[in-house]
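Structural overview for review
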Amino acid sequence: MDITAQHVWMMIAAAMVLLMTPGLGLFYGGMTRAKAALNMIMMSFISAGIVGVVWVLWGYSMTTGEGVLGIFGNPFANFGLQNLMGSPDLIKAGFSATFAIITVALISGAIADRAKFSAWALFVPLWITLVYCPLAYMIWGGGLMSAGGAITAVFGQVIDFAGGAVVEISSGTAALVLALVVGQRHGFAKDPVHRPHNVPFIMLGAAILWFGWFGFNGGAATTAEQAGLVWINTLVTPAAAMLSWLLTEKVRHGHPTSLGAASGVVAGLVAITPSCANISPVAAVGLGLVAGAACCVFVDLKFRFGLDDSLDVVGVHLGAGLIGTLALGFIALPVDGQGGGLFYGGGLQQLVAQSAAVVVTVLLSGIVTLVIGRAIHRFIGFRVSHEAETVGVDLSEHAESAYAFTETGRSFNPAGHHQLSPAVAGGDTAAEVYARRGKENTFA
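To keep things clear, this report deals only with the structure shown in the data block. (Residues numbered from 1 in each chain as written. Predicted model: local features only at pLDDT ≥ 70, side-chain atom pairs only at ≥ 80, totals over all residues. Heavy atoms only, no water.)

**A short note on the overall build of the chain**
Along the backbone of the chain there are 17 helices and four strands. At 23 Å, the chain has a C-alpha radius of gyration in line with the 22 Å of a compact globule built from 444 residues. Considering only C-alpha atoms, the chain reaches an extent of 80 × 55 × 45 Å along its principal axes. Expressed as a percentage of its 444 residues, the buried residues of the chain come to 54%. Counting only contacts in the chain whose residues sit at least 6 apart along the sequence, the fraction spanning at least 24 positions is 74%. Looking at the chain as shown, the accessible area adds up to about 18600 Å², and 68% of this sits on carbon and sulfur atoms. For the chain, the centre of its 19 positive side-chain charges and the centre of its 23 negative side-chain charges are spaced 11 Å apart. (Helix = DSSP H or I, 4+ residues; strand = E, 2+ residues; numbered from the N terminus. Rg over C-alpha atoms; globule rule 2.2 N^0.38 Å. Buried < 20%, exposed > 50% of the residue type's maximum accessible area, 1.4 Å probe, protein only. Contact = heavy atoms within 4.5 Å. Areas by Shrake-Rupley, 256 points an atom, 1.4 Å probe, with all protein chains shown as cover. Lys, Arg positive; Asp, Glu negative; His and termini not counted. Charge placed at Lys NZ, Arg CZ, Asp CG, Glu CD.)

What follows is the structure in structure tokens.
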């Protein structure tokens, strides 16, 4: 088969979506304290490494083909993608892998500053296998919530074009549960150094996410007309959400902030994900305005309820994911004059279908994440010690630091000779030098 424009576009879109995961690492890394920035970036990178392998071996197979009770596909049917060799379906497999990668990486923001890297590396393949793959199969792969599925037969066909339930609600729910399992950071809501350390990183990360999201939403478009609608909606919803977030922030706190602008963009991107091909551009503007203002309020609720959702995964991804998914019950466009949301005379059917998908997603992700998280926490511990958290997870987990605040190895002198720094010359081990640097670091 000759390569077509559709094949080329899907490969480009897949590369764009893959870039979103390092972009997420920068976004999250900037939102943490300086001594946890590398750890956050590494949590995104290791997600790409683990999920890439899992997807080839059994992940993709679990999202397609003949299923088990309509819940997940046979993991051995296309094990290792051997049956896809010589088929353009390999492009689809690669594209879908990038969605799985960023979905689990999103969860990491809820446990920033305090999670063991080894625990996270164990959580990733378990969650992808037991939560993401079943959801992707049920909604996109022919399962219970696909056309002809048992849940669809009762409640109607859910609309989830690019992952409002599969990606956003599932990861947001998992983030909520995992934050509760791991517990609050020491000094949560009290320590003033619990704040973003690098706002330019945040803005750069948000820009990369916005760029990649055009591939995320548009990669599966099948016609020029559909692609155009997806593109415009992916532009205007985050734009409107950014404006409404900044306005809400100004009214509530007195200042529009760069962090608010970046967060508003992400909230809008999350909200438009399920509906990008199914609502009008005007409705997309309204959706963005609602999502931006609502999520600006949602992120503050963690302090009221004592939930240490470190980087606002719950407030933004679960909050905007719910808004975007349920909004289709009101603003979904009719198809060939049939159906549509309440505002188009479509009745309650679409809202019922969307609500059913939300309930199934929240229950599956919440319950399974709780089991995985509690099991890991019990057997190997999910969080670092108090001392390691104080020093910083960059040093304690990776023996690295994002920033060289002091010389730790050699110093320069005008005679052209390099001298050992006093700390190293005095016989300190590298670990002792790193630990002392973490304690002396005032740029927390």
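**Side note on helix α10 (residues 281-298)**
Its 18 residues give α10 an end-to-end C-alpha distance of 25 Å, which sits within 8% of 26 Å, the value for a rise of 1.5 Å per residue. Regarding α10, the residues found buried are Ala283, Ala284, Leu287, Gly288, Ala291, Gly292, Ala294, Cys295 and Cys296. (Expected span 1.5 Å × (residues − 1).)

**Description of the pattern of salt bridges**
Across all of its chains, the model carries seven salt bridges by this definition. Across the pair Arg114 and Asp308 runs a salt bridge whose closest N-O atoms are separated by 3.9 Å. Taken together, the positions of Arg114 in the loop between α3 (89-107) and α4 (117-140) and Asp308 in the loop between α11 (301-305) and α12 (313-331) put the pair 194 residues apart, joining distant regions of the chain. The pair formed by Arg114 and Asp308 is uniform in burial state, with each residue classed as buried. Of the charged contacts, one joins Asp308 and Arg185 as a salt bridge, the two residues approaching to 2.8 Å between their closest N and O atoms. Of the two residues, Asp308 sits in the loop between α11 and α12 while Arg185 sits in the loop between α6 (164-182) and α7 (199-218), which places them 123 residues apart along the sequence. (Salt bridge = Lys/Arg side-chain N within 4 Å of Asp/Glu carboxyl O.)

**Points about the packing of aromatic side chains**
This model, assessed by the stated rule, comprises 13 aromatic pairs. On the numbers, 6.1 Å between centres and 40 degrees between planes, the contact of Phe27 with Tyr28 is tilted. Tyr28 matches Phe27 in its accessibility class, with the two residues each being buried. Pairing Trp213 with Phe216 gives two aromatic rings, centres 5.3 Å apart and planes at 55 degrees, and the pair type is tilted. Here Trp213 pairs with Phe216, and both are found in helix α7, just three residues apart, close to one helical turn. As far as the burial class goes, Trp213 and Phe216 line up, both buried. (Phe/Tyr/Trp six-rings, centres within 6.5 Å; stacked < 30°, edge-to-face > 60°.)

**Quick word on the nonpolar core**
Core analysis: the largest hydrophobic core is formed by 108 residues, its most contacted members being Phe123, Trp127 and Tyr132. Other than its neighbours up to four places away in sequence, Trp127 contacts Thr103, Val104, Ile107, Tyr132, Ser170, Ser171, Ala174, Ser365, Thr369 and Ile372. (Core = buried A, V, L, I, M, F, W, Y, C linked by side-chain atoms within 4.5 Å.)

**Some thoughts on the environment of Tyr60**
Inspection of the secondary structure assignment puts Tyr60 in helix α2 (residues 37-62). For Tyr60, a relative accessible area of 5% translates into the label buried. Remark: the alpha-carbon pair of Tyr60 and Val236, spanning 176 residues in sequence, is separated by 32 Å. The residues touching Tyr60, leaving out its near neighbours within four places in the chain, are Trp55, Leu81, Leu84, Asp89, Lys92, Ala93 and Ser96.

**Quick word on the packing of α7 against helix α9 (residues 258-272)**
Running from amino to carboxyl end, α7 crosses α9 at an angle of 15 degrees, the nearest separation of the two axes being 9 Å. Relative to α9, the element α7 lies roughly parallel. In this structure, the crossing between α7 and α9 has a hand that is left-handed. In this structure, α7 contributes Val199, Ile202, Met203, Ala206, Leu209, Trp210, Trp213 and Asn217 to the contact, and α9 contributes Ser258, Leu259, Ala262, Val265, Val266, Leu269, Val270 and Ile272. Taken together, the residues of the contact of α7 with α9 sort by class into 14 nonpolar, two polar and no charged. (Axes fitted to C-alpha atoms, helices over the stretch in contact; angles between N-to-C directions. Parallel < 35°, antiparallel > 145°, perpendicular 65-115°, else oblique. Left-handed = near helix turned anticlockwise from the far one by under 90°. Nonpolar A, V, L, I, M, F, W, Y, C, P; charged D, E, K, R; others polar.)

**Details of the side chain of Thr361**
When you line up the elements, Thr361 lands in helix α13 (residues 349-379). Those residues in contact with Thr361 that sit more than four places away from it in its chain are Leu135, Ala165, Ile169, Ser170 and Gly366.

**Some details on the packing of α6 against α13**
Relative to each other, α6 and α13 sit at 40 degrees, their axes nearing to 8 Å. With respect to α13, the element α6 is oriented oblique. Classified by chirality, the crossing of α13 by α6 is right-handed. Residue-level contacts link Ala165, Ile169, Ser170, Thr173, Ala174, Val177, Leu178 and Val181 of α6 to Val358, Thr361, Val362, Ser365, Gly366, Thr369, Leu370, Gly373, Arg374 and His377 of α13. Residue composition of the contact of α6 with α13, grouped by class: nine nonpolar, eight polar and one charged.

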